[in-house]
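Spelled out from the first residue to the last, the chains are:
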Amino acid sequence: MSAEMGPLSFAVSRNERPRTEAERAEVLADPGFGKVFSDHMVLATWSKDRGWHDAQVRPYGPLSLMPSAAVLHYAQEVFEGLKAYRHADGSIWSFRPEANAQRLQRSCRRLALPELSVEDFVASLRELVAIDHQWVPPADSGEMSLYLRPFMFASEAFLGVRPADVVTYCVIASPAGAYFGAGLKPVTLWVSQDYARAGEGGTGAAKCGGNYASSLAGQLEGIGHGCDQAVFLDSATHTYVEELGGMNLFFVTDDHKLVTPELTGTILEGVTRSSILELAKELGLEPEERRIEIDEWKDAARSKGLREVFACGTAAVITPVGELRWDGGSADHRGDGPAIGEVTMTIRERLLDIQYGRAEDTHGWLTRLA
Ligand SMILES: *Cc1c(COP(=O)(O)O)cnc(C)c1O
């Protein structure tokens, strides 16, 4: 319906009480992740009879929702996550936002939500970044950015079970420091043997809140065993490595292969993941997507046949994995090598250099927002 009506136009109502420059500076000095939000947000409404309408930029603040809103009961919700990066000349860019827009459309189809056009999605980011550009940290701030969180949910006040006839789209923004705070530290992962985050025919390939809800018990179990995050296996056989609760996994083998679990329908197709697969060849690595048995990982880790393992996603970029723990054992695959592998560091720097405009964008991955 939105296609027939042309691109959305956004009505702007400015925040009368934006944070002062001093307040903003204090936040930007140590933003953490996802704690503080910029002065505005984007909202748009979809209804079955009108399609997308009433797009607006307005002050960041509470949403008004009936207790019967369908999302609160049946979790009909999807989201995205991407960043706005400031370059040295002051301009503001994002990394492959069209890929996020297309993924949101795929997620919407799976969750029976209405699709938003790629054009309207990118426009919504531009609107928010234009008005809140001062919330994008300066270029020389290290790894800081403005994290953008577009999301869509069933806002119709109705308890019947069917796709909602009224849906809300929203974008909020939060300044982000380096995801893991002080320095890049290898994480310890827990193999979740009993809990799965997704199953065949389910919503694992969609970016939806429900997948995160189902990953939390496994995450807690891992934390209980002194780990940082949980690794989930395929739900049918509990044999194959899938991904973390919110990050994809990569393995660097001794024969210079860069291996990642193939997309089986239960794994989320990360934009970072697909970018790394494209970068591999330039870095002299052979990319490979295949099934990986958890025993292969355990054995390789124990025999030190696995050079490096890392997790990847927009929020934390690339996170080295130091140790794997499971019920009855553990393996530290750092061996005598450096705490953080060379390939992991190279790929990480390469991605960040492109995102922050320090390296030429030979893939055409950057889109200017402001
Ligand atoms: C968002 C997400 C990722 C990472 O995707 P990016 O596009 O690289 O940020 C990986 N796994 C899950 C489950 C996710 O939700």
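Each chain carries its own residue numbering, running from 1 in the direction its sequence is written. With pLDDT at 70 or above as the cut-off, local features in this predicted model cover only qualifying residues; side-chain atom pairs require 80 or more to be listed or tallied, and sums for whole chains, interfaces and linings still use all residues. Processing note: side-chain calculations cover all non-hydrogen atoms of the structure and skip hydrogens and water entirely.

## Re the site of the ligand
Thought 1: Near residues are defined by distance, with any heavy atom within 4 Å of the molecule or strand qualifying the residue. Near the ligand, the surroundings consist of 15 residues, among which Lys207, Tyr212, Glu243, Thr272 and Thr314 are the closest.
Thought 2: Between N or O atoms, a polar contact is any pair within 3.5 Å; within protein, one atom must be a potential hydrogen donor and the other a potential acceptor, and residues adjacent in sequence are included only when both atoms are from side chains. The side chain of Thr272 places a nitrogen or oxygen atom 2.6 Å from an oxygen atom of the ligand.
Thought 3: Here, Shrake-Rupley sampling with a 1.4 Å probe gives the accessible areas, and only protein chains in the shown set may cover a residue. Relative to its free-state accessible area of 380 Å², the ligand is covered by the protein chains to the extent of 97%.
Thought 4: Gly is put with the polar residues, along with every residue not named as nonpolar or charged; the nonpolar set is Ala, Val, Leu, Ile, Met, Phe, Trp, Tyr, Cys and Pro, and the charged set is Asp, Glu, Lys and Arg. The residue makeup of the shell around the ligand, split by class, is 4 nonpolar, 7 polar and 4 charged.

## A few points about the nonpolar core
Nonpolar side chains tend to gather and get buried jointly when the protein is soluble and globular.
Thought 1: Residues grouped as a nonpolar core are buried Ala, Val, Leu, Ile, Met, Phe, Trp, Tyr and Cys residues, joined through side-chain atoms within 4.5 Å. Burial classes: relative accessible area under 20% of the type maximum marks a residue as buried, over 50% as exposed, and values in between as partly exposed (1.4 Å probe, protein chains only). Of all hydrophobic cores here, the largest spans 48 residues; its most connected members are Trp52, Val78, Ala84, Phe121, Leu148, Met152 and Tyr169.
Thought 2: A helix here means a DSSP run of H or I that spans at least four residues, while a strand means a run of E at least two residues long, and both kinds are numbered starting from the N terminus. Mapped by element, the contributors of at least two residues to this core are strand E2 (40–47), strand E3 (51–59), strand E4 (77–79), strand E5 (82–86), helix H3 (97–110), helix H4 (118–131), strand E7 (145–154) and strand E8 (166–176).
Thought 3: Counting residues in each nonpolar core, the second largest holds 24 residues, with Leu244, Ile294, Trp297 and Val321 among its members.

## Let's talk about unusual backbone geometry
Most of the time, phi is negative for any residue but glycine, and the peptide bond is trans.
Thought 1: Backbone geometry places His256, a non-glycine residue, at a positive phi of 60°.
Thought 2: Relative to the elements of secondary structure, His256 occurs in the loop between strand E12 (248–253) and strand E13 (257–261).
Thought 3: Here His256 falls in the partly exposed class, since its relative accessible area comes to 43%.
Thought 4: Even without being a glycine, Val317 presents a positive backbone phi close to 60°.

## Some words on a nonpolar patch on the surface
Thought 1: The patches described consist of residues with a relative accessible area above 30% and no salt bridge, like charges being joined within 9 Å and nonpolar side chains (Val, Leu, Ile, Met, Phe, Trp, Tyr) within 5 Å. Any carboxyl oxygen of Asp or Glu that lies within 4 Å of a side-chain nitrogen of Lys or Arg is treated as forming a salt bridge with it. Taken together, the side chains of Tyr74, Leu159 and Val161 make up a nonpolar region of the molecular surface, amounting to roughly 330 Å² of accessible area.
Thought 2: Relative to the helices and strands, Tyr74 resides in helix H2 (residues 71–74).
Thought 3: Owing to a relative accessible area of 40%, Tyr74 belongs among the partly exposed residues under this scheme.

## Observations regarding the domain arrangement of the chain
Thought 1: Per the annotation, domain bounds derive from an automatic or database assignment of domains. Along its sequence, the chain is organised into domain 1 (11–176) and domain 2 (187–355).
Thought 2: Each partner contributes to the interface: domain 1 provides 21 residues, whereas domain 2 provides 23 residues.
Thought 3: The junction of domain 1 with domain 2 conceals about 1800 Å² of combined surface from both sides, 55% of it contributed by carbon and sulfur atoms.
Thought 4: Put simply, buried area is the surface a 1.4 Å probe can reach on two separate parts but cannot reach once they are joined, added for both. Of all residues in domain 1, Phe79, Phe95 and Arg103 bury the most surface against domain 2, accounting for 31% of the area lost on that side.
Thought 5: The interface formed by domain 1 and domain 2 includes 3 salt bridges.
Thought 6: One salt bridge in this structure joins Arg96 and Glu278, with 3.9 Å as the shortest N-O distance.
Thought 7: Where domain 1 meets domain 2, there are 12 residue pairs in polar contact (both at pLDDT 80 or more).
Thought 8: If you list the elements that add at least two residues to the side of domain 1 that touches domain 2, you get E4, E5 and H3. For this analysis, residues touch if any pair of their heavy atoms sits within 4.5 Å.

## Some details on the environment of Gly32
Thought 1: As for its position among the elements, Gly32 is in the loop between helix H1 (21–29) and E2.
Thought 2: With 112 residues separating them in the primary sequence, Gly32 and Met144 have C-alpha atoms 9.7 Å apart.

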